Amino acid sequence: PQSLVFSVAAIITEELFFRGFLLHRCGLVMQAYTFAMAHLSIGDPLSLVHSALLWPHYFLLGLGFGVIAENTGFHVSAIAHAAYNAVALTYTLPLELGAWYALLGFDAAAVLAVSAYYLSLGK
């Protein structure tokens, strides 16, 4: 229950700040960069290493949520963020090389998809 409350609060505050405020003032890339930086855990060395390895993943999530917000609205990016958090609450990425490669492969596909989308718009 506590994780669920925290997840909902994070969705609301993060979407309001990153997609509602920063996206329109700083642009897509800077908003995604700031989103990723905000997800670094600096409490202890192990958490810092783990979150630093996930930094590219959070950057790409920020890009994806930003593209969604720009093209369909804030409410749709909030729903996408909620779906992501629901999955993240039920699944923890193991500290195994194969899992990291799979995540990086998924992230590379996401970068290609976002890039292709922007190229098709002529941006």
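Residues numbered from 1 in each chain as written. Predicted model: local features only at pLDDT ≥ 70, side-chain atom pairs only at ≥ 80, totals over all residues. Heavy atoms only, no water.

Re the packing of aromatic side chains
All told, the structure shown has six aromatic pairs when counted by the stated rule. When the ring of F18 is compared with that of F35, the centres are 5.2 Å apart and the planes differ by 90°; the resulting orientation is edge-to-face. Taken together, the residues span a long stretch of sequence, with F18 in helix α1 (residues 2–26) and F35 in helix α2 (residues 28–38) at a distance of 17 residues. In terms of burial, F18 and F35 fall into one category: buried. A centroid spacing of 5.5 Å and a plane angle of 10° characterise the contact between W55 and F59, whose relative ring orientation is stacked. Pair noted here: W55 and F59 are both in helix α4 (residues 55–72), with a separation of four residues, about one helical turn. Grouping aromatic residues by their ring pairs yields a cluster made of F17, F18, F21, F35 and F65. (Phe/Tyr/Trp six-rings, centres within 6.5 Å; stacked < 30°, edge-to-face > 60°. Helix = DSSP H or I, 4+ residues; strand = E, 2+ residues; numbered from the N terminus. Buried < 20%, exposed > 50% of the residue type's maximum accessible area, 1.4 Å probe, protein only.)

Focus: the packing of α1 against α2
The N-to-C vectors of α1 and α2 enclose an angle of 145°; their axes lie 7 Å apart at closest approach. The interaxial crossing formed by α1 with α2 has right-handed handedness. Residues E14, F18, R19, L22, L23 and C26 of α1 pack against L28, M30, Q31, T34, F35 and A38 of α2. Of the residues assigned to the contact of α1 with α2, the class counts are eight nonpolar, two polar and two charged. (Axes fitted to C-alpha atoms, helices over the stretch in contact; angles between N-to-C directions. Left-handed = near helix turned anticlockwise from the far one by under 90°. Contact = heavy atoms within 4.5 Å. Nonpolar A, V, L, I, M, F, W, Y, C, P; charged D, E, K, R; others polar.)

A short note on the side chain of E15
Mapped onto the secondary structure, E15 falls in helix α1. Residue E15 is classed as buried on the basis of its relative accessible area, which comes to 0%. Apart from residues lying up to four places away in sequence, E15 is in contact with A10, G20, F65, F74, S77, A78 and H81.

Re a nonpolar patch on the surface
Together, L4, V8, I12, L16, F74 and L89 make up a nonpolar patch on the protein surface, roughly 550 Å² of accessible area in all. Elements represented by at least two residues in the nonpolar patch include exactly α1 and α5 (74–90). At four residues, the largest contribution of residues to the nonpolar patch is made by α1. When its relative accessible area of 41% is taken as the criterion, V8 is described as partly exposed. (Patch = residues over 30% accessible without salt bridge, like charges linked within 9 Å, V, L, I, M, F, W, Y side chains within 5 Å. Areas by Shrake-Rupley, 256 points an atom, 1.4 Å probe, with all protein chains shown as cover. Salt bridge = Lys/Arg side-chain N within 4 Å of Asp/Glu carboxyl O.)

Some details on the nonpolar core
One broad trend across soluble globular proteins is that nonpolar side chains are buried collectively. In terms of nonpolar packing, the biggest core is built from 19 residues, with L28, F35, L54, Y58, F59, L61 and L63 touching the most fellow members. Elements that contribute at least two residues to this core include exactly α1, α2, α4 and α6 (97–121). Examining the composition of this core, we find that eight residues originate from one element, α4, more than from any other. (Core = buried A, V, L, I, M, F, W, Y, C linked by side-chain atoms within 4.5 Å.)

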